[in-house]
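Commentary on secondary and tertiary structure
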Amino acid sequence: MISLAKRGGNKRTVDERAVLNGVTCILSTGGQWAALPKNLPPRSTVNDYLRRWDEDRTLDRIQWCSRWVAKPNGCIGN
């Protein structure tokens, strides 16, 4: 779901799961950047990924997959 690092570039130094947790935190609190916990990446990093993932529609794919997996009856898939 999350795109790979660009070829030829530096290796990622940030944990993408922590960034995703930060994005989820921001979206669930209505965009309150001051509410971002200290154990997550810096606001600027979370903001950069949020903007990038919004532009390349990664957030849409994550949302679609989470709806697919989390069915009301607790089943996964169909």
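Calculation rules
Residues numbered from 1 in each chain as written. Predicted model: local features only at pLDDT ≥ 70, side-chain atom pairs only at ≥ 80, totals over all residues. Heavy atoms only, no water. Helix = DSSP H or I, 4+ residues; strand = E, 2+ residues; numbered from the N terminus. Buried < 20%, exposed > 50% of the residue type's maximum accessible area, 1.4 Å probe, protein only. Contact = heavy atoms within 4.5 Å. Areas by Shrake-Rupley, 256 points an atom, 1.4 Å probe, with all protein chains shown as cover. Expected span 1.5 Å × (residues − 1). Arc of directions from axis to C-beta.

**Some remarks on the overall build of the protein chain**
Looking only at helices and strands, the protein chain features 3 helices and 0 strands. Classification of the 78 residues of the protein chain by burial places 22% in the buried group. Long-range contacts, defined as pairs at least 24 residues apart, comprise 40% of the intrachain contacts of the protein chain with a sequence gap of at least 6. For the protein chain, the accessible area works out to roughly 6200 Å², and carbon and sulfur atoms hold 51% of it.

**Digging into unusual backbone geometry**
In this structure, Arg-57 takes a positive phi of about 70° despite not being glycine. When you line up the elements, Arg-57 lands in the loop between α2 (43-55) and α3 (58-69). Overall, Arg-57 belongs to the exposed group, its relative accessible area being 52%.

**Brief notes about α2**
If you check α2, its first and last C-alpha atoms are 18 Å apart, about what 13 residues at 1.5 Å a residue would give, namely 18 Å. Buried within α2 are the following residues: Val-46, Tyr-49, Leu-50 and Trp-53. Around the axis of α2, the buried residues are gathered within 105° of arc, so they sit on the same side. Residues of α2 that are exposed and point over 90 degrees away from its buried face: Arg-51 and Glu-55. Phi turns positive one or two residues past the end of α2, at Arg-57, with a value near 70°.

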